[in-house]
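# Reading the structure
The residues making up each chain are set out below.
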Amino acid sequence: MTLETLPVADHPHHRHGWWWKTLLGGLLLWVVTIVVTVATQNTNLVPTIILLGSFLVPFAVVLFVIERVTGTVSTLQLVTAFFVGGILGVLGASLLEADLRPGAGLYLLVGFVEELVKGVLLVVVGWRVRPRTARQGALLGATVGAGFSAFESAGYAFNAAITTRGIDLASLLQTEVFRAVLSPVGHVLWTAILGAVLFGVAHGRARFRWTWQVLLAYVVVAVLHGLWDSNATISTLLAFVITGTPLSAAQDGSVPAAVAGLVTALYVAGLVVVSVIGVGVLVGVLLHHRRQARRIDAARDAGVGGPWQPPGVGGPWQVPVDGGRGDGEDEGPVWHRTPPRHTL
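Here is a short report on the structure shown in this document.

The rules behind the values
Residues numbered from 1 in each chain as written. Predicted model: local features only at pLDDT ≥ 70, side-chain atom pairs only at ≥ 80, totals over all residues. Heavy atoms only, no water. Helix = DSSP H or I, 4+ residues; strand = E, 2+ residues; numbered from the N terminus. Buried < 20%, exposed > 50% of the residue type's maximum accessible area, 1.4 Å probe, protein only. Contact = heavy atoms within 4.5 Å. Areas by Shrake-Rupley, 256 points an atom, 1.4 Å probe, with all protein chains shown as cover. Salt bridge = Lys/Arg side-chain N within 4 Å of Asp/Glu carboxyl O. Axes fitted to C-alpha atoms, helices over the stretch in contact; angles between N-to-C directions. Parallel < 35°, antiparallel > 145°, perpendicular 65-115°, else oblique. Nonpolar A, V, L, I, M, F, W, Y, C, P; charged D, E, K, R; others polar. Polar contact = N/O pair within 3.5 Å; in protein donor to acceptor, adjacent residues only side chain to side chain. Core = buried A, V, L, I, M, F, W, Y, C linked by side-chain atoms within 4.5 Å. Left-handed = near helix turned anticlockwise from the far one by under 90°. Patch = residues over 30% accessible without salt bridge, like charges linked within 9 Å, V, L, I, M, F, W, Y side chains within 5 Å. Expected span 1.5 Å × (residues − 1). Phe/Tyr/Trp six-rings, centres within 6.5 Å; stacked < 30°, edge-to-face > 60°.

## Re the overall build of the protein chain
Regarding its fold elements, the protein chain presents 10 helices and 2 strands. Helices and strands appear in the protein chain in the N-to-C order α-α-α-α-α-β-β-α-α-α-α-α. A total of 344 residues make up the protein chain; the buried ones form 42% of that total. Taking all contacts inside the protein chain whose residues are at least 6 apart in sequence as the whole, residues at least 24 apart take part in 73%. Within the structure as shown, the protein chain displays about 17,700 Å² of accessible surface, and the carbon and sulfur contribution to it stands at 68%.

## Quick notes on the pattern of salt bridges
If the charged atoms of two oppositely charged side chains come close together, the side chains can form a pair. Taken as a whole, this structure holds 4 salt bridges when the rule is applied. In this structure, the salt-bridge partner of Glu-67 is Arg-68, at a minimum N-O distance of 3.5 Å. Arg-68 gets classed as partly exposed once you look at its relative accessible area, which sits at 21%.

## A word on the packing of helix α1 (residues 18-40) against helix α2 (residues 46-66)
Between α1 and α2, the least distance of the axes is 9 Å, while the angle of their chain directions is 175°. As the angle between them shows, α1 and α2 are arranged roughly antiparallel. Mapping the contact onto sequence places Trp-18, Trp-19, Thr-22, Leu-23, Gly-26, Leu-27, Leu-29, Trp-30, Thr-33, Ile-34 and Thr-37 in α1 and Thr-48, Ile-49, Leu-52, Gly-53, Leu-56, Val-57, Ala-60, Leu-63 and Phe-64 in α2. The class makeup of the residues in the contact of α1 with α2 is 14 nonpolar, 6 polar and no charged.

## Re the side chain of Thr-33
Tracing the sequence through the fold places Thr-33 in helix α1. Judged by its relative accessible area of 14%, Thr-33 is buried. Looking at Thr-33, its side chain comes within polar contact range of the main-chain oxygen of Leu-29, at 2.7 Å. Dropping the residues within four chain positions of it, Thr-33 is found in contact with Leu-45, Thr-48, Ile-49 and Leu-52.

## Let's talk about the nonpolar core
The tendency in soluble globular proteins is for nonpolar side chains to be buried as a group. Core analysis: the largest hydrophobic core is formed by 57 residues, its most contacted members being Leu-78, Leu-140, Leu-172, Trp-190, Leu-198, Phe-199 and Leu-282. Of the residues forming this core, the biggest block, 11 residues, is contributed by helix α5 (residues 134-161). Dropping the residues within four chain positions of it, Leu-172 is found in contact with Val-46, Ile-49, Ile-50, Ala-157, Ala-160 and Ala-161.

## A few points about the packing of helix α4 (residues 106-125) against helix α7 (residues 187-200)
Orientation of α4 relative to α7, taken along the N-to-C sense of each, is 50°, at an axis distance of 10 Å. Judged by the inter-axis angle, α4 sits oblique to α7. Considering how the two elements wind past one another, α4 and α7 form a crossing that is right-handed. When α4 is examined against α7, the residues Glu-114, Glu-115, Lys-118, Gly-119, Leu-122 and Val-123 are found in contact with a partner set consisting of His-187, Trp-190, Thr-191, Leu-194, Gly-195, Leu-198 and Phe-199.

## Observations concerning a nonpolar patch on the surface
There is a patch of nonpolar side chains on the surface, built from Leu-108, Leu-215, Val-219, Val-223, Leu-227, Ile-234, Leu-238 and Ile-242 and spanning about 640 Å² of accessible area. Residue assignment for the nonpolar patch shows that the elements contributing at least two residues are α8 (212-229) and α9 (231-243). By residue number, the principal contributor to the nonpolar patch is α8, which donates 4 residues. In this structure, Val-223 sits in helix α8.

## Focus: helix α6 (residues 169-182)
The end-to-end C-alpha separation of α6 is 20 Å, in line with the 20 Å expected for 14 residues at 1.5 Å each. Within α6, burial applies to Leu-172, Leu-173, Thr-175, Glu-176, Ala-180 and Leu-182.

## Side note on α1
Structural remark: α-helix, 3.6 residues per turn; residues separated by three or four positions point the same way. With 23 residues, α1 ought to run about 33 Å at 1.5 Å a step, and its terminal C-alpha atoms sit 32 Å apart, in line with that. Buried within α1 are the following residues: Gly-26, Trp-30, Thr-33, Ile-34 and Thr-37. Residues of α1 that are buried sit in contact with α2 and α6. Following α1 by one or two positions, Gln-41 adopts a phi angle in the positive range, close to 55°.

## Structural notes on the side chain of Thr-37
With respect to the secondary-structure elements, Thr-37 resides in helix α1. Setting aside residues no more than four positions away along its own chain, Thr-37 makes contact with Asn-42, Leu-45 and Ile-49.

## Digging into the environment of Leu-286
Relative to the assigned elements, Leu-286 resides in helix α10 (residues 257-304). Relative accessible area serves as the criterion here: at 25%, Leu-286 is assigned to the partly exposed category. Between the alpha carbons of Leu-286 and Ile-193 there is a distance of 8.7 Å; along the sequence they are 93 residues apart. Beyond its immediate stretch of four places on either side in the chain, Leu-286 contacts Ala-134, Arg-135, Ala-138 and Ala-196.

## Looking at the packing of aromatic side chains
Applying the stated criterion across every chain, the model contains 12 aromatic pairs. Ring geometry for Trp-19 against Phe-64: centres 5.5 Å apart, planes inclined by 85°, an arrangement best described as edge-to-face. Residue Trp-19 is located in helix α1, and its partner Phe-64 is located in helix α2; the two are separated by 45 residues in the primary sequence. Between Phe-55 and Phe-151, the aromatic rings sit 5.0 Å apart at their centres with planes inclined by 85°, giving edge-to-face as the arrangement.

If you want it as structure tokens, here you go:
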């Protein structure tokens, strides 16, 4: 039996749908916690509401990734990337954003800062990951983005709950629901795009490649991130322009009732537009690199005489040191086929 025909056992967590089961179960626990908190007026349960509401959807994303990721990535690595990456991400972003001043370009700067931090963490997490494919990069990027989203949402929920009048439970719940619904098309989506490009251009190579495609992907996700964050301001300005309402009508930062409905409609429309663009970019990147990977693999297979190399010093999933070019130049181990699914 050749290496190509050896049976590969699935990871025990693959394709079992734990992500949506966890999502439904966690949602039920969140609702029960709210009911008990309201009935007993026990403020000690507020942190439980914050943690459940902030982490439920992002952690479901991690389980979704665990059921689909392949290669050398372990479940422990993914969970570590979620928690450690999330904590370091919000800490790093907070430090870099501390000196930013309010202005027209603030949201765009925040987008560049936060996507840079997540991109660096993604490189660290994926440094030894094999195989490097766009799909694999998108899954790992989604994990890092989910961790960042969870810890950031917990902070926003805490700020919404603490007021001068005490704990505002209604504001807390509104914030959590809003951010939970939007988290898959926020940080998760942006970092998935960056990861797909970063891993896609490194397909079949031992190291990451720093190309214009990676730089372009970083700029695109940072701009999308900035547009997402600034959508409230943009929709408000558009509503004032469309209705002919002077900006002076806004008192103490509040929107006049006459344009409030239009502002809300434009805000929702803006989020939908940015989300659709982001999803379209991700799908386009994955399809492009899938076609490119097939060409690369086909060329390598033709160059080395078959899809698999015999087990040797470099292992059964590597091509010769010259990358199959025949020039004898050492390129390092080059992975070009998916090794067995990961283990715990």
